[in-house]
Amino acid sequence: SGGRIYTLPVEGGIPTQLETDFAGRCNNDHGLSPDGTQLAISHHTEDGSSKIYILPSRGGIPRLVTQKGPSYWHGWSPDGTMLTYCAERENDYDVYAIPVVGGEEIRLTSVAGLDDGPEYSPDGNYIYFNSIRTGTMQIWRMKADGREPEQLTFDEYPNWFPHPSPDGQWIVFLSYEKGEEGHPANRDVLLRIMPMNGGKPRILARLFGGQGTINVPSWSPDSQRVAFVSYRLFRPR
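Note that the structure is a prediction, hence the values are computed from the model and not measured.

**Q** Explain the packing of aromatic side chains to me, and be specific about the residues and the numbers.
**A** Here the structure, examined in full by the defined rule, presents 5 aromatic pairs. Between the aromatic rings of phenylalanine 22 and tyrosine 53, the centroid separation amounts to 5.6 Å while the plane-to-plane angle is 65°, which identifies the pairing as edge-to-face. Here tyrosine 53 lies in strand β5 (residues 50-56) and phenylalanine 22 lies in the loop between β2 (16-17) and β3 (31-32), a separation of 31 residues in the sequence. Summarising the aromatic geometry, the rings of phenylalanine 208 and tyrosine 231 are spaced 6.2 Å apart at their centres and angled 75° between planes, so their arrangement reads as edge-to-face. Within this pair, whereas phenylalanine 208 is found in strand β18 (residues 202-209), its partner tyrosine 231 is found in the segment after β18, the two being separated by 23 residues in sequence.

So this is what it looks like as C-alpha cells:
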C-alpha cells in the first residue's frame, strides 16, 4: 500500500508496516523465501525502473539482486538459492532466473511476445508461466533451465499468473474475459484451478479485480487455501 509492504494476521487484524528502509516504492511483486526468513521485493529505483531486492522477512535494509531493470520478482526456487522473474530487455519481456546472492541473470525464454508470471514447481523441476506466443495469453511450463516449453491451457480466456500448490497437485491462476489485453485492474475476472500436469480448469471464484488480485505466490503451506485480492470501486463522497 502506497509503495510500502505490510503484514496482516491470517485471522484478520490491523496491518503493520514492514521496515524496508529506503525501499518506499514497492509494487505488488514480492514474496517470502521457502524457509520464511527472507523477503524478495520489487522496488522502483530513482530512475523509475523496478529492481529486485532481498531483506529479512522481519524487516531490514534491502540488498540489491538484479543490476538491470525493469525486473519484477515472481518466484523462489524450493531450495532458496534462485529467483525467477519477468524482465524487459531489448524491448521484450521474458522469463529470467538469477542466484539469490546476485550475479549474472539467466534468460530462460526468447520467443517474441510477452512471457510473464514465472514460478517454480514445488520439486524445482519446472517453472510455470504465462505466455502470449500462440496468440492468446495461456499457461505454460518449462524445465527450470528453460528447456521443453509446454502449453497447459487451451481456451478462449486470457490466463495469467499460474501458482503451483505446495503439495504438487494443483495450479491456480487468473482468467480475464475473452478479448481482454494485458492484466488491467477493475475487471470481472475468474480464479480458476486445474491439475498441475494439465487438465480441465474449474472456477474457484468470480470476482471484481485483475491487476494485483493474485500476481504472486498465494497458497497456504498446507495447500488448502489461496489468498487473493478482490475490490470494488466506490464513488468518492
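**Q** Would you mind going over the pattern of salt bridges in detail, with residue names and values included?
**A** Taken as a whole and judged by the stated rule, the model has 10 salt bridges. Notably, a salt bridge pairs arginine 133 with aspartate 115, separated by 3.2 Å at the nearest N-O pair. Here arginine 133, found in the loop between β12 (126-131) and β13 (138-143), pairs with aspartate 115, found in strand β11 (residues 115-120); they are 18 residues apart in sequence, far enough to count as distant. The partly exposed category is assigned to arginine 133, whose relative accessible area is 23%. With its nearest N and O atoms 2.6 Å apart, the salt bridge here joins arginine 192 to aspartate 155.

**Q** So what's going on with the pairing of strand β9 (residues 92-99)? Residues and values would help.
**A** Within β9, 6 of the 8 residues are buried, which leaves the element mostly enclosed by the surrounding structure. As judged from the 8 bridges shared by strand β8 (residues 82-89) and β9, these two strands associate in the antiparallel manner. Note that in β9 the partner of methionine 82 across the bridge is proline 99. Hairpin connection between β8 and β9: a loop of 2 residues separates the two successive antiparallel strands, and glutamate 90 in this loop has a positive phi of roughly 55°. Relative to strand β10 (residues 106-107), β9 runs antiparallel, the two being bridged by 2 bridges. Of the residues in β10, the one forming a bridge with tyrosine 96 is arginine 107. The hairpin turn running from β9 into β10, its antiparallel successor, is 6 residues long, and glycine 102 in that turn takes a positive phi close to 100°.

**Q** Lay out the side chain of serine 57 with the relevant residues and their values.
**A** Looking at where serine 57 falls in the secondary structure, it is placed in the loop between β5 and β6 (63-64). For serine 57, the contacting residues outside a window of four places in its chain are Leu18, Leu32, Gly36, Thr37, Gln38 and Leu39.

Here is what the cut-offs are and how they apply
Residues numbered from 1 in each chain as written. Predicted model: local features only at pLDDT ≥ 70, side-chain atom pairs only at ≥ 80, totals over all residues. Heavy atoms only, no water. Phe/Tyr/Trp six-rings, centres within 6.5 Å; stacked < 30°, edge-to-face > 60°. Helix = DSSP H or I, 4+ residues; strand = E, 2+ residues; numbered from the N terminus. Salt bridge = Lys/Arg side-chain N within 4 Å of Asp/Glu carboxyl O. Buried < 20%, exposed > 50% of the residue type's maximum accessible area, 1.4 Å probe, protein only. Pairing = 2+ DSSP bridges. Contact = heavy atoms within 4.5 Å.

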